[in-house]
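Working through the structure, step by step
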Amino acid sequence: MNRFNDFVFWTKNTLFRQDAMKLYKQALLSEKLPTEELNKINWEKRKKLIRFAYERIPFYKEYYDDNHFHPDMLKKEDDWKLVPILEKCYVRNRRGDLMDSKTRRSYFAESTTGGSTGTPMKVFWDKRFKIEITGWRAFRWWNISPADNVGIIHRRVPKVAWAKFKNRAMWWPTKRVYLNAVSMTEEEIEQFVKQINDKKVVWLQGYVGALERIADYIIKYEKKVTSLKLVWSTSAPLLMNVRVKLEQAFRCKIMNQYGSNEISNIAQQCPNSPHLHIHYDYVHVDVVDSDGNIMIDKEGDILVTNLTSYVFPLIKYRLGDRGCRLSETCTCGCNLPLMKEVKGRISDSIYTPDGLYVDGNYLNSVFDNYFQYFDQFQIYQKKDYNIVVYIKVKQPRANNIDIVIEKIKCRLENDVRHQILISMEEVDYIKDDKGKIRYIISELTPYISN
Ligand SMILES: [Zn+2]
């Protein structure tokens, strides 16, 4: 931790961003509150948001009336199950009716999400909430400061000289180095790694796929990074083999995060546990079964309620991810509830002709015992249901590699009950999607989900 950086950072925020500082102080207090009190804060925020949505947002009034739900019905926690689930298709098709027309446009921040159909979907979040404070809070768990020098791999980075200058001035004395996730050539990665060392970068933030490419480069050319204390991995499930590779290359701890384009920071990993603390005072997370029943300690569909966005309320919104909320509390002293790491999206699934749905979490795990043999894999299902598994084999090739590949093929054939043809294809490179690696792609998904 650099004391001068820290001093300037917090002084600037105290002077010019009082709203963010106030929120931050509250956030630090609330994570330590007893569970009952935290639950109460979360519950009151949910009730307030739902009442607002019903009174102000045309979509919710109509949708809740149609489903015979009224905010007055929320008397106790158990009544939460009565709130109808918000599906992605409503957000896609009724965007205008989901916006609060009476709130100033300057409070709307726009975010575009890919969505499984490939058509971008626009959503909004509320600028009055300073989302970065949830990240600041998690930094404390990891003994890092937001004022520490940082490396950022992102799709939007300052490119022209003026933007770079403005960025440097704004963040001074903290040094920020950037790598554009869209065009990561080996020269650019080389330059970025050099900058990490030159500027003594303390933490790194980026998409899993992009981080993995940098790690590959570091390992291949036997480069050394010495200053990093934390790598913050975003945007996709962090598989065990990738985590191990990142730890080996960056020689520091890896923090997993769960977020989405709709709500950027939902939960972050605790250093004392493999699980993630939900930012429960700002986001409510439910996990439901196929009938919409709320479950604890069981895996199901994740629904999120953004407690801080009134411009475009998302209430019990089905994000398209599978996850598990846990009843256990953490030993670290933070009382924010825990969830397991999210291993896959609903869209990352394979389908069989007779309607069987093979979960992405499960498919990913097929490779769990074989990571010493492979650098990367991707399970690709074509429209005719047949599957091609692309694999990049680790060099030098293991003697028994053909047996291993055959074993995986058999296991997958069993998983899909021999209804689908599976072929294994060795490749030199698996294409990522702007830095995000997709482990499972099914061309059938758009026809089934949404
Ligand atoms: Zn913890």
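Since we're looking at a predicted model, the values are computed, not measured.

**Re the overall build of the protein chain**
- Counting its secondary structure elements, the protein chain contains 14 helices and 20 strands.
- The globule rule puts the C-alpha radius of gyration for 450 residues at 22 Å, and the 23 Å found for the protein chain is close to it.
- Each of the three principal axes of the protein chain carries a C-alpha extent, and together these read 65 × 60 × 45 Å.
- In the protein chain, which comprises 450 residues, the share counted as buried stands at 54%.
- Long-range contacts, defined as pairs at least 24 residues apart, comprise 68% of the intrachain contacts of the protein chain with a sequence gap of at least 6.

**Here we look at the coordination of the zinc ion**
- Surrounding the zinc ion are the protein donor atoms Cys 270 (SG), His 277 (NE2), Cys 330 (SG) and Cys 332 (SG), which sit 2.1 to 2.3 Å from the metal.
- Each of the four donor atoms around the zinc ion contributes to a set of angles spanning 102 to 114°, which defines the coordination as tetrahedral.
- Positions of the donor residues of the zinc ion along the chain correspond to the pattern C-x6-H-x52-C-x1-C.

**Here's the deal with the environment of Leu 179**
- Relative to the elements of secondary structure, Leu 179 occurs in strand 4 (residues 176-180).
- Spatially, the C-alpha atom of Leu 179 lies 25 Å from that of Lys 392, the residues being 213 residues apart in sequence.
- With sequence-adjacent residues up to four places away left out, Leu 179 is seen in contact with Ile 152, Ile 153, His 154, Val 157, Met 184, Glu 188, Ile 189, Phe 192 and Ile 214.

**A word on unusual backbone geometry**
- With an omega dihedral of 0°, the bond running from Trp 172 to Pro 173 counts as a cis peptide bond.
- Residue placement: Pro 173 occurs in the loop between helix 8 (161-171) and strand 4.
- You will see that Asp 297, though not glycine, has its phi angle at about 65°, which is positive.
- Examined against the element boundaries, Asp 297 turns out to sit in the loop between strand 10 (283-288) and strand 11 (300-306).

**Some details on the packing of helix 9 (residues 186-198) against helix 10 (residues 208-220)**
- Between helix 9 and helix 10, whose axes approach to 10 Å, the crossing angle comes to 80°. The pairing of helix 9 with helix 10 is recorded here as roughly perpendicular in orientation. In this structure, helix 9 contributes Glu 186, Ile 189, Glu 190, Phe 192 and Val 193 to the contact, and helix 10 contributes Arg 213, Ile 214, Tyr 217, Ile 218 and Lys 220.
- When grouped by side-chain class, the residues that make up the contact of helix 9 with helix 10 number six nonpolar, no polar and four charged.

**Focus on the sheet that holds strand 17 (residues 374-381)**
- Taken in spatial order, the four strands line up as 19-18-17-20 in an open sheet, and their pairing is mixed. Lying at the two open borders of the sheet, with one neighbouring strand each, are strand 19 (422-426) and strand 20 (440-442). Pairwise comparison of adjacent strand axes, ignoring direction, gives a mean angle of 20° for this sheet.
- Examined bridge by bridge, strand 18 (residues 387-393) and strand 19 share five bridges and lie parallel to one another. From the neighbouring strand, Tyr 390 faces strand 19, where its bridge partner is Glu 425.

**A word on empty space enclosed by the protein**
- Applying the stated criterion across every chain, the model contains two cavities of 30 Å³ or more.
- As a volume, the largest cavity reaches approximately 120 Å³.
- Trp 125, Asp 126, Phe 129, Ile 131, Glu 262, Ile 263, Ser 264, Tyr 282, Val 283, Asn 306, Thr 308 and Ser 309 together form the lining of the largest cavity.
- Per-class residue counts for the lining of the largest cavity are six nonpolar, four polar and two charged.
- Estimates place the volume of the second largest cavity at around 40 Å³.
- Residue lining of the second largest cavity: Glu 212, Leu 239, Asn 241, Val 242, Asp 375, Gln 376, Phe 377 and Tyr 439, and that is the complete set.
- Contributing elements (two or more residues each) for the lining of the second largest cavity: helix 11 (240-250) and strand 17.
- In terms of residue class, the lining of the second largest cavity is made up of four nonpolar, two polar and two charged.

Cut-offs applied
- Residues numbered from 1 in each chain as written.
- Predicted model: local features only at pLDDT ≥ 70, side-chain atom pairs only at ≥ 80, totals over all residues.
- Heavy atoms only, no water.
- Helix = DSSP H or I, 4+ residues; strand = E, 2+ residues; numbered from the N terminus.
- Rg over C-alpha atoms; globule rule 2.2 N^0.38 Å.
- Buried < 20%, exposed > 50% of the residue type's maximum accessible area, 1.4 Å probe, protein only.
- Contact = heavy atoms within 4.5 Å.
- Donors = N, O, S within 2.8 Å, 3.2 Å for Na, K, Ca; no water.
- Tetrahedral: all angles 85-135°; square planar, octahedral: opposite > 155°, others 65-115°.
- Axes fitted to C-alpha atoms, helices over the stretch in contact; angles between N-to-C directions.
- Parallel < 35°, antiparallel > 145°, perpendicular 65-115°, else oblique.
- Nonpolar A, V, L, I, M, F, W, Y, C, P; charged D, E, K, R; others polar.
- Pairing = 2+ DSSP bridges.
- 1 Å grid on protein atoms, 1.4 Å probe; cavity = no way out; pocket = protein on both sides within 12 Å on 5 of 7 lines; lining within 4 Å.
- Points joined across faces, edges and corners; volume = space filled by probe spheres on them.

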